[in-house]
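Here's the letter readout for the chains.
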Amino acid sequence: MLNEFPETLEGLERAKEHLERLEERDGLDTSGNPEKYHTRINAARMEVRRLTESLKAQGLIPYSDQELLNRKLDKAFPKARSKDIVDFDGAQYQKRFSPATKSRSGKTVTSWNQWWQRFPDEK
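Here is what the cut-offs are and how they apply
Residues numbered from 1 in each chain as written. Predicted model: local features only at pLDDT ≥ 70, side-chain atom pairs only at ≥ 80, totals over all residues. Heavy atoms only, no water. Helix = DSSP H or I, 4+ residues; strand = E, 2+ residues; numbered from the N terminus. Rg over C-alpha atoms; globule rule 2.2 N^0.38 Å. Buried < 20%, exposed > 50% of the residue type's maximum accessible area, 1.4 Å probe, protein only. Contact = heavy atoms within 4.5 Å. Areas by Shrake-Rupley, 256 points an atom, 1.4 Å probe, with all protein chains shown as cover. Lys, Arg positive; Asp, Glu negative; His and termini not counted. Charge placed at Lys NZ, Arg CZ, Asp CG, Glu CD. Pairing = 2+ DSSP bridges. Axes fitted to C-alpha atoms, helices over the stretch in contact; angles between N-to-C directions. Phe/Tyr/Trp six-rings, centres within 6.5 Å; stacked < 30°, edge-to-face > 60°. Salt bridge = Lys/Arg side-chain N within 4 Å of Asp/Glu carboxyl O.

Overview of the overall build of the chain
Consideration 1: Counting its regular elements, the chain contains 3 helices and 3 strands.
Consideration 2: Ordered by position from the N terminus, the helices and strands of the chain form the series α-α-α-β-β-β.
Consideration 3: Taking 14 Å as the expected radius of gyration for a compact globule of 123 residues, we find that the chain reaches 18 Å, considerably beyond that expectation.
Consideration 4: Along the first, second and third principal axes, the C-alpha set of the chain runs to 55 × 35 × 25 Å.
Consideration 5: Residues classed as buried in the chain amount to 23% of the 123 residues present.
Consideration 6: Across the chain, the fraction of contacts at a sequence separation of at least 24, relative to all contacts at a separation of at least 6, is 43%.
Consideration 7: As displayed, the chain has an accessible area near 9,000 Å², and 50% of this comes from carbon and sulfur atoms.
Consideration 8: One finds the centroid of the 23 positive side-chain charges in the chain at a distance of 5 Å from the centroid of its 21 negative side-chain charges.

Topic: the sheet that holds strand β2 (residues 91–102)
Consideration 1: Strand order across the open sheet formed by 3 strands is β1-β2-β3, with antiparallel pairing between neighbours. In the strand order of this sheet, the two ends are held by β1 (85–88) and β3 (109–118), each with one partner. Direction aside, neighbouring strands of the sheet carry axes that sit 35° apart on average.

Side note on the packing of aromatic side chains
Consideration 1: Tallied over the entire structure, the rule returns 3 aromatic pairs.
Consideration 2: Between the aromatic rings of Phe 77 and Trp 116, the centroid separation amounts to 6.2 Å while the plane-to-plane angle is 50°, which identifies the pairing as tilted. You can see Phe 77 sitting in the loop between α3 (65–76) and β1 and its partner Trp 116 sitting in strand β3, a full 39 residues away along the chain.
Consideration 3: The partly exposed category is assigned to Phe 77, whose relative accessible area is 25%.
Consideration 4: The class for Trp 116 is buried, based on a relative accessible area of 2%.
Consideration 5: Here Phe 88 and Tyr 93 contribute two aromatic rings whose centre-to-centre distance is 6.5 Å and whose plane-to-plane angle is 70°, an arrangement assigned as edge-to-face. Assigned by exposure class, Phe 88 and Tyr 93 land together as buried.
Consideration 6: Through a chain of ring-to-ring contacts, three or more aromatic side chains come together here, namely Phe 77, Phe 88, Tyr 93 and Trp 116.

Observations regarding the pattern of salt bridges
Consideration 1: Here the structure, examined in full by the defined rule, presents 6 salt bridges.
Consideration 2: The salt bridge involving Arg 50 is made with Glu 47; its shortest N-O contact spans 3.0 Å. Here Glu 47 and Arg 50 lie together in helix α2 (residues 38–57), a separation of 3 residues that amounts to about one turn.
Consideration 3: With a shortest N-O distance of 3.5 Å, Glu 53 and Arg 49 are connected by a salt bridge. Note that Glu 53 and Arg 49 are positioned in helix α2 at a spacing of 4 residues, about one turn of the helix.

This is how it looks when you write it as structure tokens:
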């Protein structure tokens, strides 16, 4: 499954459609096995994420303002850890993390989302 779709906008759309079909099939499944499509759905999500990141790096999809800010802050503070607070361009930001993917049991985080959260300006 991995790298099944070309790194094009069309490939990304096809990957998203494939993911939607798997999720729909999972929702309609009455086999009594709640994890029947778990592995395939996770692989499809990873493929959509990989394609999206690749297309953004190629400039075919624009980065959001938050993604651009995250990149600047990550470059300025490469060793920042969870909940670290930094000053940048006259504002304070905190490094945050949340689980992106978990193991099949749901007990182990296998990858993390990370971003910078701006603190409100003090008056």
